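# Structural overview for review
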Amino acid sequence: MAITVQQIHPVAHLPLVLGVLRRLEVAAVIDHLIPPHPAHGLSCGRGVEALVLAILDGHHALYKVGRRLEERGMIALLQPGLSRAALNDYRLGHILDALFAANLNGVFSAVALKALAVYAIATPWLHQDTTTIALYGAYEDEPPPGAPRPAYGHSKDGRSDLKQVLLSLGVSGDGGLPLRLGMRDGNTSDSVETPVAIEECLALGLEGVHGIVADSKAYSRRTLGLCLEKRLGLVTLVPRTCAVRQELEAWGQQQPALPLLVEKPGRTQDEACRQWHGQSVIRPVEVEYSDGRVTQEALRFLVVHSSQLAQQQTQAYTAAQAKEAAAVTAYVKQVQARWFACEADAEAAIAEYEGRGLGRRGRRPHPWRYHAVRHRVVAEPRRTRRARRGRPAKMDPPPMEAGYRLIVEVEALANAEEDKGWTVLATPVDAEVGPDADILQAYQDQNTTVEPGFRWIKNPAAIAPVWLEKPERIAALAMLTVLGLLVYSVIQRQVRLYLRTHDQQLPGNKGLTATPTAAVVLALFTPVALVQLWIDDQEVVQLSGVQPHHRLVCDALGLDPSWYTVPSAQKYDRGIQTP
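In this report, the structure presented in the accompanying data block is examined. What you see as residue numbers is a count from 1 along each chain, following the sequence as written. Local features in a predicted model are, by the rule used here, given only for residues with pLDDT of at least 70; side-chain atom pairs are given and counted only at 80 or more, and totals for whole chains, interfaces and linings are based on all residues. Working from all heavy atoms in the structure, the side-chain values ignore hydrogens and water.

## Points about the overall build of the protein
Under the convention used in this document: Secondary structure follows DSSP: runs of H or I at least 4 residues long count as helices, runs of E at least 2 residues long count as strands, and numbering of each begins at the N terminus. Atoms considered for the radius of gyration are the C-alpha atoms alone. The globule rule reads 2.2 Å times the number of residues to the power 0.38. Buried, partly exposed and exposed residues are distinguished by accessible area as a fraction of the type maximum, computed with a 1.4 Å probe on protein chains only: under 20%, between the cut-offs, and over 50%, respectively. Per-residue and other accessible areas were derived by the Shrake-Rupley procedure at a 1.4 Å probe size, with only the shown protein chains allowed to occlude residues. Counted as positive: Lys and Arg. Counted as negative: Asp and Glu, with His and the chain ends omitted from the count. The atoms used to mark charge sites are NZ of Lys, CZ of Arg, CG of Asp and CD of Glu.
Secondary structure summary: the protein contains 18 helices and 18 strands in total. For 579 residues, the compact-globule formula gives about 25 Å, and the C-alpha radius of gyration of the protein, at 32 Å, lies well above that figure. Buried positions account for 47% of the 579 residues belonging to the protein. Carbon and sulfur atoms make up 51% of the accessible area of the protein, which amounts to about 29,000 Å² in all. Distance between charge centroids for the protein: 9 Å, based on 61 positive and 61 negative side chains.

Following this line, the structure appears as structure tokens:
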């Protein structure tokens, strides 16, 4: 019996991703909104599946999609009878155009609502945030209505040399599933985006939603007025520059003790328990309604003191003070090396150093934040050249001239303990509906919901600086990347939930874990490969590298694990069906 290996396809996690897409009925939803064209062999729904697979495989370039999926052995899984030639960049570009024409928000919302229904995910809070996507190229043409205009703006990537567009996301509090997206012009301000995001979240028609959680950019008169008009809850951080926050922090410092809201164990065995104490207060603030009225309304503020934040601020203050100390030392050496012929020149130099120079206008500068630096003038003569040539007598005193120099006194500023660890949250939610602990927990969930999604999108394997021919294709590709994030978040949430309820664990980066990230879950499938071989005159297809934990992941996601067992040659020839 002769056995010959014909080809090995490293399929890895792509069949798993395709299985989730099929369970969410992504292709069916999109083909319902965008009917297939009879002249095209690839429908929009199947094209979207191919693009999402390419994005989650780390290759979003359109011209690489067909070749990459063929190397992964995914062509037959994607659609029976499909060829690599059908996945060309010309056809995929037309699919991006069709998605934009069909309203990206409507298409994505339909898929997101399907995910909530399939996996029974509750949405008590929606977490809102924005990020930027950098783009190569000039993009000088005016985009069509509804398409984002690439422009220079505040780059959150640190790439101020590139044009960008703004990506706005609203994700669920349970699992961080993206439910709403918005593509805006590259110079759009976050404070302007928040009211628009609130209107789009209301348009989703979700039941049981308490409100939206956002960062300090959401604290504005217009946003507060909109939430009061729509009777929608909001949890946002009050900026430090606001007078109401400074007043409430001072109020909190004067209280003998605040109620304990949340307590969590330390991150290490040596670290003490982390505690959050806080209390709600009512204060009048200005709000702006849709008709332009600006009135005073009573608003609830949650004043919180965090032991963890106080510790972080203490460490940050100490590190910053040590860094500034080196600069102060160099400054003192430079200033004290100067010599002045008269006292008036020395006083003028002090005025310049302290920002009181002649003709200076405006606010005085504060070059030192962590040290108090004081200057004073002292008389100090210095040696000068002899008036005549020749060797001086041994008993002659050295020639001197009168003058002045500066003495710099430095004192390290202490950071008052009572000034650290304070946070003020604003919310129109009544205390009966949302207790203080729930409001604080909703804001803390911002770091575990929307922020990890943005970090995934910023990964070079997701959206790196790209160039596309049309701004509408930029928006469509960003929507598909967020769709990939939806699949990514579903995998992470369902696997963690299954492991917790069934008391199971998966191999992680540092041993077994019950809370793996989606990246760890997908990495487990790296050894899985589809092997095509010949046994005598018969072609046989075998799947290698499958382990019990792979089938456990399939069970967690509600997928049929039969394909991950041993597919037969007949099953492969007919077009393997994904779970």
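## Here we look at the packing of aromatic side chains
Condition: For Phe, Tyr and Trp, where Trp contributes only its six-membered ring, two rings pair if their centres lie within 6.5 Å, and the inter-plane angle classes them as stacked under 30 degrees, edge-to-face over 60, or tilted in between.
For the structure shown, the criterion picks out four aromatic pairs. Aromatic pair Tyr 331 and Tyr 353: ring centres 5.7 Å apart, planes at 85°, arrangement edge-to-face. Taken together, the residues Tyr 331 in helix H11 (residues 307-336) and Tyr 353 in helix H12 (residues 343-353) connect sequence positions 22 residues apart. The exposure class assigned to Tyr 331 is buried, which follows from its relative accessible area of 13%. Judged by relative accessible area, Tyr 353 falls into the partly exposed class, the value being 24%. Between Trp 456 and Tyr 488, the aromatic rings sit 5.3 Å apart at their centres with planes inclined by 35°, giving tilted as the arrangement. Here the residue Trp 456 occupies a position in helix H14 (residues 450-458), and Tyr 488 occupies one in helix H15 (residues 471-502), the gap between them amounting to 32 residues.

## Focus: the sheet that holds strand E7 (residues 260-264)
We count it as follows: The pairing criterion is simple: DSSP has to find at least two bridges between the two strands. The axes are straight lines fitted to the C-alpha atoms, using for helices just the contacting stretch, and the angles between their N-to-C directions are given from 0 to 180°.
What the nine strands build is an open sheet, ordered E4-E3-E2-E5-E6-E14-E9-E8-E7; its pairing is mixed. At either margin of the open sheet sits one strand with a lone partner, and together these are strand E4 (178-184) and E7. Taking the axes of each pair of neighbouring strands and ignoring which way they run, one obtains an average angle of 25° across the sheet. Across three bridges, strand E2 (residues 125-135) lies against strand E5 (residues 211-214) in parallel orientation. Opposite Trp 125, over in E5, you have Gly 211 as the bridge partner.

## Notes on the packing of helix H8 (residues 190-203) against helix H9 (residues 221-230)
Let me state the cut-off plainly: Should an angle lie under 35 degrees it is considered roughly parallel, over 145 roughly antiparallel, and from 65 to 115 roughly perpendicular; all remaining angles are considered oblique. Each crossing gets its hand from how the near helix is turned against the far one by less than a right angle, where anticlockwise is left-handed and clockwise is right-handed. Residue contacts are counted whenever heavy atoms from the two residues lie within 4.5 Å of one another.
Look at H8 against H9: their axes get within 9 Å of each other, and the N-to-C directions meet at 20°. Between H8 and H9, the interaxial angle falls into the category roughly parallel. For the crossing formed where H8 meets H9, the hand is right-handed. In contact with Thr 194, Pro 195, Ile 198, Glu 199 and Leu 202 of H8, H9 contributes Arg 222, Thr 223, Leu 226, Cys 227 and Lys 230.

## Here we look at the environment of Leu 530
Structurally, Leu 530 is set in strand E17 (residues 529-535). Taking the C-alpha atoms as reference points, Leu 530 and Ile 8, separated by 522 residues in sequence, lie 5.7 Å from one another.

## Topic: the state of the cysteines
So the rule is basically this: Pairs of cysteine sulfur atoms within 2.5 Å are identified as disulfides in what follows.
Tallied over the full model, the rule gives zero disulfides. Here Cys 242 is not cross-linked by a disulfide; its sulfur's nearest cysteine counterpart is in Cys 227, at 16 Å. You can call Cys 242 buried: its relative accessible area is 19%.

## Re the environment of Ser 307
Definition in use: N or O atoms within 3.5 Å of each other form a polar contact, as long as, within protein, one can give a hydrogen and the other can take it, and as long as residues adjacent in sequence are counted only when both atoms are side-chain atoms.
You can see Ser 307 is positioned in helix H11. Since its relative accessible area comes to 30%, Ser 307 is described here as partly exposed. Dropping the residues within four chain positions of it, Ser 307 is found in contact with Cys 273, Arg 274 and Gln 275. Here the side chain of Ser 307 touches Gln 275 through a polar contact of 2.9 Å, landing on its backbone nitrogen.

## So, the pattern of salt bridges
Short version of the rule: Any carboxyl oxygen of Asp or Glu that lies within 4 Å of a side-chain nitrogen of Lys or Arg is treated as forming a salt bridge with it.
The tally for this structure, following the rule as stated, stands at 24 salt bridges. In this structure, Arg 68 and Asp 57 form a salt bridge, with 2.7 Å as the shortest nitrogen-oxygen distance. Within this pair, whereas Arg 68 is found in helix H4 (residues 65-71), its partner Asp 57 is found in the loop between helix H3 (44-56) and H4, the two being separated by eleven residues in sequence. On the basis of relative accessible area, Arg 68 is assigned to the partly exposed category, the value being 22%.

## Some thoughts on the pairing of strand E14 (residues 422-427)
Burial analysis of E14 places six of its six residues in the buried class, the great majority of the element. Neither face of E14 is open: one carries Trp 422, Val 424 and Ala 426, the other Thr 423, Leu 425 and Thr 427, and all of them are buried. With two bridges joining them, strand E6 (residues 233-237) and E14 adopt antiparallel strand pairing. Residue Leu 237 lies in a different strand from E14, and its bridge partner there is Leu 425. Pairing between strand E9 (residues 294-306) and E14: six bridges, direction antiparallel. Following the sheet pairing, His 305 is matched in E14 by Trp 422.

## A closer look at the nonpolar core
Stated precisely, the cut-off is as follows: Side-chain atoms within 4.5 Å link the members of a nonpolar core, which is a set of buried Ala, Val, Leu, Ile, Met, Phe, Trp, Tyr and Cys residues.
Leu 69, Leu 99 and Phe 301 are the most contacted members of the largest nonpolar core, which totals 124 residues. Among the elements that make up this core, the one with the highest residue count is H15 (18 residues). Other than its neighbours up to four places away in sequence, Phe 301 contacts Tyr 219, Val 238, Val 244, Leu 248, Gln 279, Ser 280, Val 281, Arg 283, Val 285, Val 424, Leu 425 and Ala 426. Residues Trp 125, Trp 276, Leu 425 and Leu 440 belong to the second largest nonpolar core, which totals 15 residues.

## Details of the side chain of His 371
Residue position: His 371 is located in strand E10 (residues 371-379). The class of His 371 is buried, set by a relative accessible area of 8%. Within polar-contact distance, the side chain of His 371 engages the side chain of Glu 324 at 2.8 Å. Each residue touching His 371, except ones within four places of it in the same chain, is listed here: Gln 321, Glu 324, Ala 325, Val 328, Val 410, Glu 411, Ala 412 and Leu 413.

## Some thoughts on the packing of helix H2 (residues 26-33) against helix H7 (residues 104-118)
Worth spelling out the cut-off: In the scheme used here, Gly and all other residues not listed as nonpolar or charged are polar, with Ala, Val, Leu, Ile, Met, Phe, Trp, Tyr, Cys and Pro taken as nonpolar and Asp, Glu, Lys and Arg as charged.
Between H2 and H7, the shortest axis-to-axis distance is 10 Å and the interhelical angle comes to 145°. Crossing handedness for the pair H2 and H7: right-handed. Contacts between H2 and H7 involve Val 26, Val 29, Ile 30 and Leu 33 on the former and, on the latter, Val 107, Ala 110 and Val 111. The residue inventory of the contact of H2 with H7, partitioned by class, reads seven nonpolar, no polar and no charged.

## Examining the pairing of E6
Applied cut-off: Orient the strands so they point away from the viewer, and a crossover whose first-strand-to-second-strand path over the helix runs clockwise is right-handed.
Of all the five residues making up E6, five are buried; the element is thus mostly covered by neighbouring parts of the structure. Taking every second residue as pointing to the same face, both faces of E6 are buried, with Gly 233, Val 235 and Leu 237 on one and Leu 234 and Thr 236 on the other. Examined bridge by bridge, E5 and E6 share four bridges and lie parallel to one another. For Val 213, the partnering residue across the bridge sits in E6 and is Val 235. One crossover worth recording links E5 to the parallel E6 by way of H9, and it is right-handed.

## Let's talk about unusual backbone geometry
Even without glycine at this site, Ala 12 takes up a positive phi of about 50°. Residue Ala 12 is classed as buried on the basis of its relative accessible area of 6%.

Bear in mind that shape data such as this cannot, by itself, settle questions of function.
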